[in-house]
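A look at the structure
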Amino acid sequence: MDLEQFWNLINGGCSDDGFDYFRGWLIAQGRKAFEQVIADADQLADLPVVRAAAAEGIDLENEQTLNIAFNAYKAATGEELPGDAFTINYPALDPAWSFDFEDDSKIAARLPRIAALYLG
């Protein structure tokens, strides 16, 4: 499963920053939700917060989650976290998810319950 396509459907776009903020939101949902969506993204359709966001047209984003390590380091040391403290290695796109992101039918075939909420 590629989270970027899932985010594209829910938040209606797919900028690099926006996808990072969605990942921050997903992390903030807790380990159980995070592991469920990694295994099967369509399970997020069961979360009340996702259902409410779909009904209200609210984006699922949380930029602040991504700053936790930086803020904790600064609070503990009084200094900024060094720029080379970590790196993010994004995995290659799974070929099964390599299709036109604007094709709602392809998204719906892979994420039917999420599509039902967002494509109605």
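Residues numbered from 1 in each chain as written. Predicted model: local features only at pLDDT ≥ 70, side-chain atom pairs only at ≥ 80, totals over all residues. Heavy atoms only, no water.

1. Some details on the packing of aromatic side chains
This model, assessed by the stated rule, comprises one aromatic pair. Measuring from ring centre to ring centre gives 5.9 Å for phenylalanine 22 and tryptophan 25, while their planes differ by 20 degrees; the resulting arrangement is stacked. Residue phenylalanine 22 and its partner tryptophan 25 are located together in helix α2 (residues 16–28), separated by three residues, close to a single helical turn. Overall, the relative accessible area of 0% leaves phenylalanine 22 in the buried class. (Phe/Tyr/Trp six-rings, centres within 6.5 Å; stacked < 30°, edge-to-face > 60°. Helix = DSSP H or I, 4+ residues; strand = E, 2+ residues; numbered from the N terminus. Buried < 20%, exposed > 50% of the residue type's maximum accessible area, 1.4 Å probe, protein only.)

2. With respect to helix α4 (residues 48–56)
Among all positions in α4, only Val50, Ala53 and Ala54 are buried. End-on, the buried residues of α4 take up no more than an arc of 100 degrees, which puts them together on one face. Away from its buried face, by an angle of more than 90 degrees, α4 presents the exposed residues Pro48, Ala55 and Glu56. Where α4 is buried, its residues meet α2 and α7 (112–118). (Arc of directions from axis to C-beta. Contact = heavy atoms within 4.5 Å.)

3. Brief notes about the pattern of salt bridges
Under the counting rule described, the total for this entry stands at four salt bridges. One salt bridge connects arginine 31 with glutamate 35, and the closest N-O pair in it is separated by 2.9 Å. Separated by four residues within a single helix, arginine 31 and glutamate 35 lie in helix α3 (residues 31–39), roughly one turn from each other. Given a relative accessible area of 66%, arginine 31 falls into the exposed group. When its relative accessible area of 44% is taken as the criterion, glutamate 35 is described as partly exposed. Here arginine 113 ties to aspartate 46 by a salt bridge, and the two come within 2.9 Å at their closest N and O atoms. Of this pair, arginine 113 sits in helix α7 while aspartate 46 sits in the loop between α3 and α4; the two residues are 67 residues apart in sequence, bridging distant segments of the chain. (Salt bridge = Lys/Arg side-chain N within 4 Å of Asp/Glu carboxyl O.)

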